Amino acid sequence: MDRNGADEAGREAADGESARRAAILEAAGCVFAEKGFEAATTLEIARLARVSKRDLYRLFDSKKGLAAALVAAHTETMTLDPRFGDPTDRETFLAILRAFGRRFLGEFLDPRRVGLYRLAIAEAPRSIQLSEALQAEGADRVRRTAVEFIRRAVGHGLVAPEDADLVMASYFDVLVGPLQIQLLMGVRTTLAAEEIAMRAERATEVAARLMRRA
């Protein structure tokens, strides 16, 4: 086989692996939702994903590892990572917060994500494995990227070091507020695009008031 053929075969193998991984995560979400985390079995997940149990354990070392990967996949687009840009000046800093706020809330409302949190609460008396995954790969992951973002803003002189925690805490308080509790209780199920934009704007305004003035 020539080099081009080998490269093509390698890409096909990688694509196949990616497809199997995605199928397993999708199946895990469905089985967890139907059976609960503790009652769900890797055999059921593998059957629904149409992969072998051996392939499942090759990609995910345990059911807890599978839950962590599922949460991480749901959280991927909720992080305040460098793809939003570097907060080099006041205008850019605030533009990033507006864009992130709209993206974050749009993903935050995903029924599958809300379902995972409801399931974790229901399973808590028997097991905290899903709760641990949601904390480590969900909330903690978002928090780490927010800390890194504000650290860069401090480095550019936009936020005073002593105000860094207050800026991000205030931003998220206004952006989310009691929304998570309302979603978990079913009081709210979605937000109109206009309300999402309004929440992002108000949260950004609060952050702007706490920034250093040039």
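Quantities reported herein were computed from a predicted structural model and do not represent experimental measurements.

A. How the structure looks around the packing of aromatic side chains. With the rule as written, the count across this model stands at nine aromatic pairs. Aromatic pair Phe84 and Phe100: ring centres 5.7 Å apart, planes at 85°, arrangement edge-to-face. Taken together, the residues Phe84 in the loop between α4 (63-75) and α5 (90-108) and Phe100 in helix α5 connect sequence positions 16 residues apart. The exposure class of Phe100 is buried, given its relative accessible area of 0%. Ring centres of Phe93 and Phe149 lie 5.3 Å apart, and the angle between their planes is 15°; this geometry places the pair in the stacked category. Of the two residues, Phe93 is situated in helix α5 and Phe149 in helix α7 (residues 129-155); the sequence distance between them amounts to 56 residues. Each of the two residues, Phe93 as well as Phe149, counts as buried. Just above the ring of Phe37 sits the side chain of Lys63; from NZ or CZ to the centre is 4.9 Å.

B. Examining helix α2 (residues 42-49) more closely. Within α2, the full set of buried residues consists of Thr42, Ile45, Ala46 and Ala49. Along the axis of α2, the buried positions cluster into a sector of 95°, meaning they face one direction only. Positioned one or two residues after α2, Arg50 has a phi angle of 60°, which is positive.

C. Local environment of α5. Its 19 residues give α5 an end-to-end C-alpha distance of 26 Å, which sits within 8% of 27 Å, the value for a rise of 1.5 Å per residue. Along α5, the residues classified as buried are Phe93, Leu94, Ile96, Leu97, Phe100, Gly101, Phe104, Leu105 and Phe108. Taken end-on, α5 shows its buried residues confined to a sector of 150°, consistent with a single buried face. At its buried positions, α5 is contacted by α6 (111-123), α7, α8 (164-176), α9 (179-185) and α10 (193-209). Its side-chain oxygen 3.2 Å from the backbone nitrogen of Glu91, Asp89 forms the N-cap of α5.

Rules and cut-offs
Residues numbered from 1 in each chain as written. Predicted model: local features only at pLDDT ≥ 70, side-chain atom pairs only at ≥ 80, totals over all residues. Heavy atoms only, no water. Phe/Tyr/Trp six-rings, centres within 6.5 Å; stacked < 30°, edge-to-face > 60°. Helix = DSSP H or I, 4+ residues; strand = E, 2+ residues; numbered from the N terminus. Buried < 20%, exposed > 50% of the residue type's maximum accessible area, 1.4 Å probe, protein only. Lys NZ or Arg CZ within 6 Å of the ring centre and 35° of its normal. Arc of directions from axis to C-beta. Expected span 1.5 Å × (residues − 1). Contact = heavy atoms within 4.5 Å. Polar contact = N/O pair within 3.5 Å; in protein donor to acceptor, adjacent residues only side chain to side chain.

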